[in-house]
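Results of the structural survey
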Amino acid sequence: MKTDIGLPDAARLSADLEEISRLVDTSRPGWSRVALSEVETDSRHHVAALMRAAGLDVRVDNIGNVIGTLSGTGSDRRAIVIGSHTDTVDGGGRYDGIVGVLGAIEVARMLRESGIRLSHDLRVVDFYNEEANRFELSCLGSRALAGSLTSTHLSATDETGRTLGAALAAAGYDDPLNATRWGDDEVLGFLELHIEQGPVLERAGLPLGIVTSIAGISRFRTLFTGRRDHAGTMPMSLRHDAGCAAAGVVLAVEQIAGSADQAVGTVGSVTFTPDATSVVTEAALLTAEFRSPDLGWFSLARDQIAEIAAKEAEKRGLTHEVTWLPWERPTAVDPRLSSAIERSVSALGHPAAHLYSGAGHDGVQMAKLGPIGMIFIPSRDGRSHCPEEFTELDDIVVGVHALARSVITLDQEGLS
Ligand SMILES: [Zn+2]
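Quantities reported herein were computed from a predicted structural model and do not represent experimental measurements. (Residues numbered from 1 in each chain as written. Predicted model: local features only at pLDDT ≥ 70, side-chain atom pairs only at ≥ 80, totals over all residues. Heavy atoms only, no water.)

Right, let's talk about the coordination of the zinc ion for a bit. Distances from the zinc ion to its protein donors, namely His 85 (NE2), Asp 96 (OD) and His 194 (NE2), fall within the range 2.0 to 2.2 Å. Ordering the donors of the zinc ion by residue number gives the pattern H-x10-D-x97-H. Of this pair, Asp 96 sits in the loop between strand 3 (79–85) and helix 3 (98–114) while His 194 sits in strand 5 (residues 187–195), and the two are 98 residues apart along the sequence. Across the pair, exposure class does not vary: Asp 96 and His 194 are buried alike. (Donors = N, O, S within 2.8 Å, 3.2 Å for Na, K, Ca; no water. Helix = DSSP H or I, 4+ residues; strand = E, 2+ residues; numbered from the N terminus. Buried < 20%, exposed > 50% of the residue type's maximum accessible area, 1.4 Å probe, protein only.)

Here it is, written out as structure tokens:
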């Protein structure tokens, strides 16, 4: 069986990246191609055309996932799935997700040009709307594939009061819950090539990362309620200042995450009522999140937040409540798939780091359909979700080569 795959075509990848980066909303900062925008629809037509030219059989499902299939020669009907997303955050960059889609299309071309026929079907996917949209929902396309998109999601509204379901219908996807879900036995493995979006690989001077897991995300709200008083006349010792208690929790988020081995914590907003310097703050509402690949750590962090919030409230005679929102648990990467990636990468002679992903990905949803694996390539200065986002072409070429080799390993060895 022929297995000797050639190198990715660097000039072709560079031209692909250049071409799609012109399909952006020029009225917005950076390289914006947000989901549910006209330019994003154009770009997915463009991706479908690239897939067709690569010899893939292309269809667009009920929620806008662009899926190109290269038929396999064997009897195992489970598919090897590769791909990523081409939508961006507002003011985003040119590489997040995009490298994974264009790289997956390049893998299909490389297979054809090397005369390699896979035993399994290869599905190349441009997942619809991976980034959080204006309805504050992310991973729409992969959610629908995994059967975890619900009518509750579709009834979420944006600031104009329009529902997500209505916005999808206007984009041509009027029945996203039906006939989109994939079966439980359809996926042999899902492999995603993605930029790291952080500084680990660059600092280590390594071209590749093998992802060990995707961090869980747990968000909470804390409301402190005290007493509104005159800011000039009420002595400090007699105040019930809700704002000062919120400040204690802000610093606690930093301290709790900062003292863990693998965790980050971020305060998103603090709202004071009233927001005037002449009045002692009566109510303070804080929103924050923790991320970690360590499932057990979250309960520890939650206990600490509960304890500190209670202490801050008690000190000042306030009432308080801490509300934890529905959360995403850490997602495990399949060790068999990681090992297949590792063997493929070392066969190509590349050193690689093992690292977890702090960012969420479509893999979180795809893990519900089968084993997942991820390959990271370096991000300059660790920057992402900004116009400065950059990955060297040489690193992209190495990443695509590693992806192609991993696909062949998975095809030949399965996951036994
Ligand atoms: Zn991404």
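Back to the text.
Take the sheet that holds strand 9 (residues 283–292) next. One open sheet accounts for 4 strands, arranged 8-9-7-10; its pairing is antiparallel. Both edges of this open sheet fall to strand 8 (264–273) and strand 10 (319–324), since each of them pairs with a single strand only. Strand-to-strand, the axes of this sheet are offset by a mean angle of 15°, without reference to chain direction. Across the sheet, helix 9 (residues 295–316) is in contact with strand 7 (216–225), strand 9 and strand 10; its angle to strand 7 comes to roughly 10°. (Pairing = 2+ DSSP bridges. Axes fitted to C-alpha atoms, helices over the stretch in contact; angles between N-to-C directions. Contact = heavy atoms within 4.5 Å.)

A separate point is helix 12 (residues 393–413). Residues lying three or four places apart along an α-helix face the same way, a consequence of the helix completing one turn every 3.6 residues. For helix 12, built from 21 residues, the straight-helix expectation of 30 Å at 1.5 Å per residue is met to within 8% by its first-to-last C-alpha distance of 30 Å. Within helix 12, 17 of the 21 residues are buried, which leaves the element mostly enclosed by the surrounding structure. A positive backbone phi angle near 60° is found at Gly 414, which sits one or two residues after helix 12. (Expected span 1.5 Å × (residues − 1).)

A complete count under the given rule lists 8 aromatic pairs for this structure. Seen in terms of ring centroids, Phe 220 and Phe 290 are 6.1 Å apart; in terms of plane orientation they differ by 25°. Their pairing is stacked. In this pair, Phe 220 sits in strand 7 while Phe 290 sits in strand 9, placing the two residues 70 residues apart along the sequence. Aromatic side chains Phe 220 and Trp 324 sit 4.5 Å apart centroid to centroid with 40° between the ring planes, which places their arrangement in the tilted category. (Phe/Tyr/Trp six-rings, centres within 6.5 Å; stacked < 30°, edge-to-face > 60°.)

Take the pattern of salt bridges next. Applying the stated criterion across every chain yields a total of 23 salt bridges. Its salt-bridge partner being Arg 22, residue Glu 18 comes within 3.7 Å of it at the nearest N-O pair. By relative accessible area, Glu 18 is classed as partly exposed at 43%. A salt bridge links Arg 143 to Glu 328, with the nearest nitrogen and oxygen atoms 4.0 Å apart. One end of the pair, Arg 143, is in helix 4 (residues 140–146); the other, Glu 328, is in the loop between strand 10 and strand 11 (331–332), and 185 residues separate them in sequence. (Salt bridge = Lys/Arg side-chain N within 4 Å of Asp/Glu carboxyl O.)

Position of Leu 355 among the secondary structure elements: in strand 12 (residues 352–357). The spacing of Leu 355 and Val 200 is 155 residues in sequence and 8.1 Å in space, taken between C-alpha atoms. Residue contacts for Leu 355: discarding those within four places in its chain leaves Glu 196, Val 200, Leu 201, Gly 209, Ile 210, Val 211, Thr 212, Ser 213 and Phe 376.

Attention now moves to the pairing of strand 6 (residues 208–214). Counting buried positions along strand 6 gives 6 out of 7 residues, so the element sits mostly inside the fold. Here strand 6 pairs with strand 12 via 5 bridges, running parallel. Across the sheet, the residue bridging to Gly 209 is Ala 353, located in strand 12. Strand direction decides the pairing type here: strand 6 and strand 13 (residues 372–377), joined by 2 bridges, are antiparallel. Counted as the bridge partner of Ile 210 is Ile 375 from strand 13.

The contact between helix 1 (residues 10–20) and helix 3 brings their axes to 10 Å, and the two run at 140°. At the point where helix 1 passes helix 3, the crossing takes the right-handed sense. On the side of helix 1, the interface is formed by Arg 12, Leu 13, Asp 16, Leu 17 and Ile 20, while helix 3 contributes Ile 98, Val 99, Leu 102, Gly 103, Glu 106, Arg 109 and Glu 113. A class-by-class count of the residues in the contact of helix 1 with helix 3 yields 6 nonpolar, 1 polar and 5 charged. (Left-handed = near helix turned anticlockwise from the far one by under 90°. Nonpolar A, V, L, I, M, F, W, Y, C, P; charged D, E, K, R; others polar.)

Our next topic: helix 9. Taking 1.5 Å per residue, 22 residues should reach 32 Å; helix 9 reaches 33 Å between its end C-alpha atoms and fits that length. Listing the buried residues of helix 9 in full gives Trp 297, Phe 298, Ala 301, Arg 302, Ile 305, Ala 309, Glu 312 and Ala 313. An end-on view of helix 9 places all buried positions within 135° of arc, on one side of the element. For helix 9, the exposed residues lying more than 90 degrees away from the buried face are Leu 300, Asp 303, Glu 307, Glu 314 and Lys 315. (Arc of directions from axis to C-beta.)

On to unusual backbone geometry, then. For the bond from Thr 273 to Pro 274, the omega torsion is -10°, close enough to zero to count as cis. Along the polypeptide, Pro 274 turns up in the loop between strand 8 and strand 9. One non-glycine residue, Cys 139, lies in positive phi territory at about 55°. Within the fold, Cys 139 resides in the loop between strand 4 (122–127) and helix 4. According to the relative accessible area criterion, Cys 139 is buried, its value standing at 6%.

All right, on to the domain arrangement of the chain then. Split into domains, the chain comes out as domain 1 (10–215 + 330–413) and domain 2 (216–324). Spacing between the C-alpha centres of domain 1 and domain 2 amounts to 37 Å. Facing 8 residues of domain 1, the contacting portion of domain 2 comprises 10 residues. At the boundary of domain 1 with domain 2, total buried surface from both sides reaches about 570 Å², with 63% on carbon and sulfur atoms. Interface area lost by domain 1 to domain 2 is led by Ala 215, Pro 330 and Tyr 356, which between them contribute 78%. (Domains from an automatic or database assignment. Buried area = accessible area lost by both parts, 1.4 Å probe.)

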